[in-house]
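Architecture at a glance
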Amino acid sequence: MKEMMKNTGILLAITLIAGLLLGLVYQVTKAPIAEQEAKAKQEACQEVFADAASFDMVDVEAAAGWNEEGYAQESVDEVMEAKDGSGELLGYVITVTTKEGYGGDIRFSIGVRLDGTVNGISILSIAETAGLGMQAEAVLKPQFADKNVEKFAYTKNGASADNEIDAISGATITTNAVTNGVNAGLYYFQTVLGGGSANE
């Protein structure tokens, strides 16, 4: 009995010390991690809205007809107003997560000007197949830049119109996921933020 009590006391002491150490490590690393996340967010905003001087967070609202339009697998996580040096609104940075990726969620930011022009996208997290879906950064990303369309569609036969995105060879699931995610961001922009060619 004495031996059991002793072992229990030792285990309790080890657990308490481990818990205190974990808490200390968390407190020490919390601020640097938050700083890195803020820096990554700022860089993503700057990448898709290079001429903006500041970015202000706005509340994310529900978009009517979201599921009916086919965006049940997409979510708008964050919306930032992109403003110039005098505080004038230039457009928005919309952060979207799509659950349609082959390797899991794909998260990215889209820069959209007030007239609906997509400045581009910045991929924040992706875990697709190496050599296939992971080519999204090199193959898909440039195709969305400087396009003003209501909605994108992907093709396997080579893009021939502004609204067409040339699919990654062997990775149509990734192509579809990113395209749907961008379309979800545009739909949110058009219906909730009230901008773009769809409302002209």
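Below or above, wherever it landed, is the structure these notes cover. These numbers were taken from a predicted model, which means no experiment stands behind them.

This next bit is on unusual backbone geometry. Of note in the backbone geometry, D146 takes a positive phi value of approximately 60° without being a glycine. Judged by its relative accessible area of 61%, D146 falls in the exposed class.

This part is about the packing of aromatic side chains. Tallying each qualifying case throughout the model produces 5 aromatic pairs. On the numbers, 5.3 Å between centres and 50° between planes, the contact of W66 with Y71 is tilted. Take Y71: its relative accessible area is 4%, and that puts it in the buried class.

Another aspect to go through is the pattern of salt bridges. Taken as a whole and judged by the stated rule, the model has 7 salt bridges. The residue E47 makes a salt bridge to K141 at a minimum N-O spacing of 2.4 Å. With a gap of 94 residues between them, E47 in helix α1 (residues 2-48) and K141 in the loop between α2 (136-140) and β6 (153-155) connect regions that are remote in the sequence. For E47, a relative accessible area of 42% translates into the label partly exposed. Where R107 meets D77, a salt bridge forms, and the shortest distance between an N and an O atom there is 3.1 Å. Of the two residues, R107 is situated in strand β4 (residues 106-113) and D77 in strand β2 (residues 74-83); the sequence distance between them amounts to 30 residues. Among the charged side chains, a salt-bridge network with shared partners connects E47, E137 and K141.

Compared with an ideal rise of 1.5 Å per residue, which puts 20 residues at 28 Å, helix α3 (residues 172-191) spans 28 Å between its outermost C-alpha atoms and is within 8% of the ideal. Buried residues dominate α3, accounting for 16 of its 20 residues.

Core analysis: the largest hydrophobic core is formed by 31 residues, its most contacted members being W66, F108, I121, F144, F152 and V182. Sorting the residues of this core by element identifies β2, β3 (89-98), β4, β5 (118-125), α2 and α3 as the ones contributing at least two each. For this core, the leading source of residues is α3, giving 8 residues. With residues up to four places along the chain from it excluded, the contact list for F108 reads I94, T95, V96, T98, I121, S122, I123, L124, V178, G181 and V182. Ranked by size, the runner-up nonpolar core spans 9 residues in total, among them V48, A52, F55 and V93.

Turning next to the sheet that holds β4. As summarised here, the arrangement of the 5 strands in space is β1-β2-β3-β4-β5, forming an open sheet in which the pairing is antiparallel. Because the sheet does not close on itself, it has two edges, and the strands there are β1 (54-58) and β5. Geometrically, the sheet is characterised by an average inter-axis angle of 25° between neighbouring strands, direction not taken into account. Of the pairings in the sheet, the one linking β1 to β2 comprises 5 bridges and is antiparallel in character. Bridge pairing links D56 to E81 in β2. Contacting β2, β3, β4 and β5, α3 crosses the sheet at an angle of about 45° to β4.

Analysis parameters
Residues numbered from 1 in each chain as written. Predicted model: local features only at pLDDT ≥ 70, side-chain atom pairs only at ≥ 80, totals over all residues. Heavy atoms only, no water. Buried < 20%, exposed > 50% of the residue type's maximum accessible area, 1.4 Å probe, protein only. Phe/Tyr/Trp six-rings, centres within 6.5 Å; stacked < 30°, edge-to-face > 60°. Salt bridge = Lys/Arg side-chain N within 4 Å of Asp/Glu carboxyl O. Helix = DSSP H or I, 4+ residues; strand = E, 2+ residues; numbered from the N terminus. Expected span 1.5 Å × (residues − 1). Core = buried A, V, L, I, M, F, W, Y, C linked by side-chain atoms within 4.5 Å. Contact = heavy atoms within 4.5 Å. Pairing = 2+ DSSP bridges. Axes fitted to C-alpha atoms, helices over the stretch in contact; angles between N-to-C directions.

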